[in-house]
Amino acid sequence: MTQTAPSAQPSDVHEYTPLNRHRLIAPGPVEVAPDVLLALAQPQMHHRAQEGIDRLMEARQKLTRLLGDPYDAVITTSSGTGAFEGALVSTTPPGAKVVNAQAGKFSERWGQMAQRFGYDVQIVAKPWGELLDADEVAQACKDAHTLCVTHSETSTGALHDLGAIAKAARAQNPDLIIIADCITSYGVAELHPAAWGVDVIVSGSQKGTATPPGLGFVLFSPEVQTRMIKDTPHGFYLDMTRELAGQKAGSTPQTPAINLIYALSVALDRLLAVPLNVLWAEQRCKNSALIAAGTALGAPAWATRTSPAVAVLKPPAGITGRQVAARLAAMGQRALAGQAPYEDAVFRLSTMGYADRYDALAIAGMLEDAFAGLGVQFTRGAGVQAAWQALK
């Protein structure tokens, strides 16, 4: 039986709590840098004017640089789910066999989406928190047209071995189209789609690129572009064949969220200020600090191969994930409990977005305060010290 998280009472929190800076420490939406927010306050531009065209082309070019491979980017005015839908219906003909590899909430979504469109869907599933088996996925792909697979599973904190999965699946079926949900791994985790044989990468603005919600990204390999479907019967607004052709020419078939695209371009400058291997290492370091802090306080990671995008931690004995999230919220710190049906089994923290290693230390201190308020017994400073060690 699940427990309901208690509501915070004034006596439950410190007197200074109203002075706390409110933070987003959840795996999306994430904190946004001041210069990105300032970009949103600029006078309205027109997307058909040269200024708007320039902003679109700049953002697309930077998205390709952040990927590290010469894929062509399409920016959608949607969430990552909309971008994934566009990628699926624009590469996969009606009735085709689609393999969906799933081991969590968001990877399950792609199977549900494919079923809704009437594709011949085969599910390859592992329990939440476990890792996908590359050989098992590959066997299912022998006669498939498309594989939908998730790299970083935000509901469990697992980083699936996308390289191994794609290599094994491609060996079984050289013509397979592989669409990867990299919504929380793009710009966060090591990603080599060309070397790994991944055709399509999907992400969204409110995760690693540290921009407000509202934009989706689809990055297409040169090879898969020759196989895209013209006038897909499953989409009009999300017809990526039409959209890609337009965006390559600096235009969009529909009105884009041009202000968000401008803000995205500004946000990408921060990520591109260092080599990708440095960016990935720092993201891993920050998340390792959260996991180390949690482990020291009796809240270990759920997944065995953890994503640098999110720390999904099992709460100490006697309390629930929802209680931890509620306690942090009472302190002004927005984390998340687990996804249903694991709301009580885990809680989720993240340093994606406009955050650095010192924010990881702060979150370690927040966990200590939250756990103390929930009656957990531990040595004060243990979480912060463990986070420091992970950051060395």
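All values reported here derive from a predicted model rather than from experimental measurement. (Residues numbered from 1 in each chain as written. Predicted model: local features only at pLDDT ≥ 70, side-chain atom pairs only at ≥ 80, totals over all residues. Heavy atoms only, no water.)

Q: Tell me about empty space enclosed by the protein, and name the residues and values.
A: Counted under the stated rule, the structure contains three cavities of 30 Å³ or more. In this structure, the largest cavity occupies an estimated 90 Å³ of space. Lining the largest cavity are Ile75, Thr76, Thr77, Tyr237, Leu238, Met240, Glu243, Gln247, Thr252, Gln254, Thr255 and Pro256. Looking at the lining of the largest cavity, the elements with two or more residues in it are β2 (72–76) and α9 (240–248). Sorting elements by how many residues they give to the lining of the largest cavity places α9 first, with three residues. Counted by class, the lining of the largest cavity contains five nonpolar, six polar and one charged residues. For the second largest cavity, the calculated volume is near 40 Å³. Every residue lining the second largest cavity is listed: His47, Arg48, Gly52, Leu56, Gly250, Ser251, Thr252, Pro256 and Ile258. For the lining of the second largest cavity, the residue count by class is three nonpolar, five polar and one charged. (1 Å grid on protein atoms, 1.4 Å probe; cavity = no way out; pocket = protein on both sides within 12 Å on 5 of 7 lines; lining within 4 Å. Points joined across faces, edges and corners; volume = space filled by probe spheres on them. Helix = DSSP H or I, 4+ residues; strand = E, 2+ residues; numbered from the N terminus. Nonpolar A, V, L, I, M, F, W, Y, C, P; charged D, E, K, R; others polar.)

Q: Describe α9, naming the residues involved and giving the relevant values.
A: What α9 keeps buried is the set Met240, Glu243, Leu244, Gly246 and Gln247. Projected down its long axis, α9 shows its buried positions confined to an angular sector of 165 degrees, all on one face. Each element contacted by the buried residues of α9 is listed here: α2 (50–67), β2, α3 (80–91), β10 (216–220) and α8 (222–225). Residue aspartate 239 occupies the N-cap position of α9, its side-chain oxygen lying 3.1 Å from the main-chain nitrogen of threonine 241. Residue glycine 250 follows α9 closely and has a positive phi angle near 85 degrees. (Buried < 20%, exposed > 50% of the residue type's maximum accessible area, 1.4 Å probe, protein only. Arc of directions from axis to C-beta. Contact = heavy atoms within 4.5 Å. Polar contact = N/O pair within 3.5 Å; in protein donor to acceptor, adjacent residues only side chain to side chain.)

Q: Give me the packing of helix α11 (residues 276–296) against helix α14 (residues 382–391): which residues, what numbers.
A: Viewed as axis vectors pointing N to C, α11 and α14 meet at an angle of 150 degrees, and their least axial separation amounts to 7 Å. The handedness of the crossing between α11 and α14 is right-handed. In this structure, α11 uses Cys285, Lys286, Ser288, Ala289, Ala292, Ala293 and Ala296 to contact α14, whose residues at the interface are Ala382, Gly383, Ala386, Ala387, Ala390 and Leu391. Here the residues of the contact of α11 with α14 sort into ten nonpolar, two polar and one charged. (Axes fitted to C-alpha atoms, helices over the stretch in contact; angles between N-to-C directions. Left-handed = near helix turned anticlockwise from the far one by under 90°.)

Q: Account for the side chain of serine 78, naming residues and giving values.
A: Within the fold, serine 78 resides in the loop between β2 and α3. Ignoring sequence-local partners within four residues, the contact set of serine 78 consists of Ala83, Gly214, Leu215 and Gly216.

Q: Hey, could you go over the sheet that holds strand β13 (residues 336–337) for me, with residue numbers and the actual values?
A: Taken in spatial order, the three strands of this open sheet run β11-β14-β13, and their pairing is antiparallel. Two strands lie at the open edges of the sheet, namely β11 (311–313) and β13, each paired on one side alone. On top of the sheet, α11 reaches β11 and β14 (347–349); it is set at about 15 degrees to β11, its chief contact. (Pairing = 2+ DSSP bridges.)

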